[in-house]
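Structural overview for review
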Amino acid sequence: MNGKKLLAGAAVLVVAGVSVSSAVRDETLAPPPIVDYGPVRLVAFDSCDNALTELRRAMSPYVSAYGLGGQRFLTMESSATDNSAGVAQKSVPDAPTAATPPAQQQGHSTTNVHEQGVDEPDIVKTDGKRVVSIADGKLRVIDVASRAITGTVDLGERRASQLLVSGDRALVVADSPVPMLKPSLPPDRPSFAPENATELVLVDLKGLKEISSLKTDGFYLDARQIGGTARVVVRSQPRLPWVYPDQTTNEAGSLRRNKEILQSEPISSWLPRYELTENGAKSSGTLVDCANVSRPSAPSATSMLTVLTFELSGQLGTGQPVSIVADGDTVYGTDRSLYIADDHRLLPELPSRPPVQRPITTAIHQFDIGNPGQPKHVASGDVNGTLLNQYSLSEHEGVLRVATTTGTENRCCWRMPADVPQQNIAPAPSESFVTTLRREGNQLAKVGQVGGLGKGERIYSVRFIGKLGYVVTFRQTDPLYTLDLSDPRQPRVTGELKITGFSAYLHPAGDGKLIGVGQEATEQGRTTGTQVSLFDVANPASPQRLAQYHLPNSNSEAQFDPHAFLFWPQDGTLVIPVSANRTNYEVSSLVLRVEGNQLRDSGKIVEPSSPNNYGGPRRTIVIGDQLWSISNAGVQVNARSGLAQQAWLPFTQ
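An account of the accompanying structure is given in this report.

Rules and cut-offs
- Residues numbered from 1 in each chain as written.
- Predicted model: local features only at pLDDT ≥ 70, side-chain atom pairs only at ≥ 80, totals over all residues.
- Heavy atoms only, no water.
- Helix = DSSP H or I, 4+ residues; strand = E, 2+ residues; numbered from the N terminus.
- Buried < 20%, exposed > 50% of the residue type's maximum accessible area, 1.4 Å probe, protein only.
- Pairing = 2+ DSSP bridges.
- Expected span 1.5 Å × (residues − 1).
- Polar contact = N/O pair within 3.5 Å; in protein donor to acceptor, adjacent residues only side chain to side chain.
- Contact = heavy atoms within 4.5 Å.
- Disulfide = S-S within 2.5 Å.
- Core = buried A, V, L, I, M, F, W, Y, C linked by side-chain atoms within 4.5 Å.

Positive phi is not limited to glycine here, since Leu208 has a value of about 50 degrees. Note on placement: Leu208 falls in the loop between β12 (198-204) and β13 (209-216). In this structure, Leu643 takes a positive phi of about 65 degrees despite not being glycine. With a relative accessible area of 11%, Leu643 lands in the buried category.

Below, the discussion takes up the pairing of strand β35 (residues 527-536). Of all 10 residues in β35, 8 are buried; the element is thus mostly enclosed. Between the end of strand β34 (residues 513-521) and the start of β35, which pair antiparallel, lie 5 residues, with Gly525 showing a positive phi angle near 95 degrees. Here β35 runs beside strand β36 (residues 544-552); their pairing, made up of 8 bridges, is antiparallel. From the neighbouring strand, Phe535 faces β36, where its bridge partner is Arg545.

This part takes up helix α2 (residues 251-264). In this model, α2 (14 residues) spans 20 Å end to end at C-alpha, consistent with the 20 Å of a helix rising 1.5 Å per residue. If you check which residues of α2 are buried, you get Glu251, Gly253, Ser254, Leu255, Asn258, Ile261 and Leu262. Two to three positions downstream of the cap, the backbone nitrogen of Ala252 sits 3.3 Å from a side-chain oxygen, assigning the N-cap of α2 to Asn250.

Another aspect to go through is the side chain of Thr309. Along the chain, Thr309 falls in strand β19 (residues 304-311). The class for Thr309 is buried, based on a relative accessible area of 2%. In this structure Thr309 touches Thr229, Ala230, Arg231, Gly319, Gln320, Gly373, Gln374 and Pro375, once residues within four positions along its chain are discounted.

With that settled, the discussion passes to the state of the cysteines. On inspection of all chains with the given rule, the structure shows 1 disulfide. Between the sulfur of Cys48 and that of Cys290 lies a disulfide, 2.1 Å long from S to S. Residues Cys48 and Cys290 are joined through a disulfide that is right-handed, its torsion about the S-S bond being 110 degrees. Taken together, the positions of Cys48 in helix α1 (residues 48-59) and Cys290 in the loop between β17 (281-286) and β18 (293-296) put the pair 242 residues apart, joining distant regions of the chain.

Nonpolar side chains tend to gather and get buried jointly when the protein is soluble and globular. Ranked by size, the top nonpolar core spans 28 residues in total, and within it Val131, Leu139, Leu163, Leu205 and Trp628 carry the most contacts. Tallying contributions element by element places strand β5 (residues 130-135) first for this core, with 4 residues. Once residues within four sequence positions are removed from consideration, Leu163 is found in contact with Pro121, Asp122, Ile123, Val124, Lys125, Val132, Ile134, Leu139, Ala170, Leu171 and Val172. Counting 25 residues, the second-largest nonpolar core is a separate cluster that includes Leu52, Leu68, Val243 and Val325.

Right under this line is the structure:
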């Protein structure tokens, strides 16, 4: 997530197939606000009473006969590459030709992450001696030396999705097995608004047992780990027992009742809850108190983001929570700062009123995580436009660089009532920018900006490397822009390369080279299959493509999840999972090799068929002279040279 654009946990609760009639209006509502969200500043509530008053006031304009918002559906931009990204990494030397790959521990690869030294959750982790994976509700430990599964922890009905590992401890992120339904008022009129739940499970990898678990009623957003400390971000929504029109109550009556509910529910209905199982005992309650909740000075959200902190060597506890009133879904972290971005796209539409073209801005909140314990909010700011995902953010020498796109015709989660013609809204042509921000007091103040990137297009990938930047935009062709960010006051475009298709992920390959993974496309912009490109960016004024590999009628998970990408710089081994539709459907690991200015096809890894084969390999890691490919069905070990199969370890029940 992590870095994906998701609807789960959105503050808008909807009932499919119904909408608020235009005949039902509340003339006491204020006109739809067109809000300038910046500059943004977080302020703490001075009391629970004040918090409740402010939260009710912020939500009031959005209350309708159907809960929040007047529209029927939430829509999402259909392109899968909305979740694609280029990976930004920590600063490298300032030489203009620098494109240095991240350091790998000697002898084995690690999770492909945004920043060196800042681990990210994934489905597989390794220390070179063991491989830890999660699949089909089970955590498995595989011994590298014996090539054997040495232990399994059954996670039950939990839908485990990611894990972090520190020593002999693993923190597993899981969803609740089924959506929880809100309590309804009265009992014979159920609410069909699902609640999300996230469960964090601490596992002893040596004893192969579950130590403790913490369940919250929020939607898991993302996590970062530095050493043995993990920071987990969840988003929760108010638990208000909305009613809906039925045979006994019309829309006007339902609207009146929902307004009464808003004004009568206590502060506990807004604050996230928890259930903790630890040392054989269970406890529950409100996860965070009012003193640890902050809000923007101009409220602009109906959900709440909570940052949890865990020392994986100790007890799980409740995570020392800190919350902000925000709808953001983008997390970026360095070794000292955690950034949470909110582009306001989850804010509900005002009911029974024509949609309004709101300014599209992104608020960014910076937290200091350099010390143990709770993170501390230190600064906030905003930029025009929306982020692609976390890789649109990069901090270098105290300057935060942010890549955004403005004026997108189909912004993610754009809400369009069914009875309003779309031509009533005429968005401005899209354009992309890179903005530099620096902390001044409690503000992230704008330092400089360069625009004009991909007019009429949107960003598909971003890569920041030291004082250089690379941005890919796409509509029909792929401009790869190179940027000089050495002077944050005057960032500038230094070069541009136009080719067909696009790169959805960019990775440094050393010696002034970049690897791009994305899709080839026709001159008209129709995608034709996975392509891997090798770029020469040693001269920022004249980027060139040195080599290209095209696999027709295929896609790769690496396009939208950088964790699925492997590059081993010691010998140039490059591996991505691909799904291809040719004579039959096949998922395999495509193995290429970067040799000088060439991309060599080294073959593919196809796992043996098995009863619980759920789609083929998803991750490949290097351990010594072997490639370990992990799927939901098992682990296959192949020689790195020649790809001869050396072992197959099926995940049996």
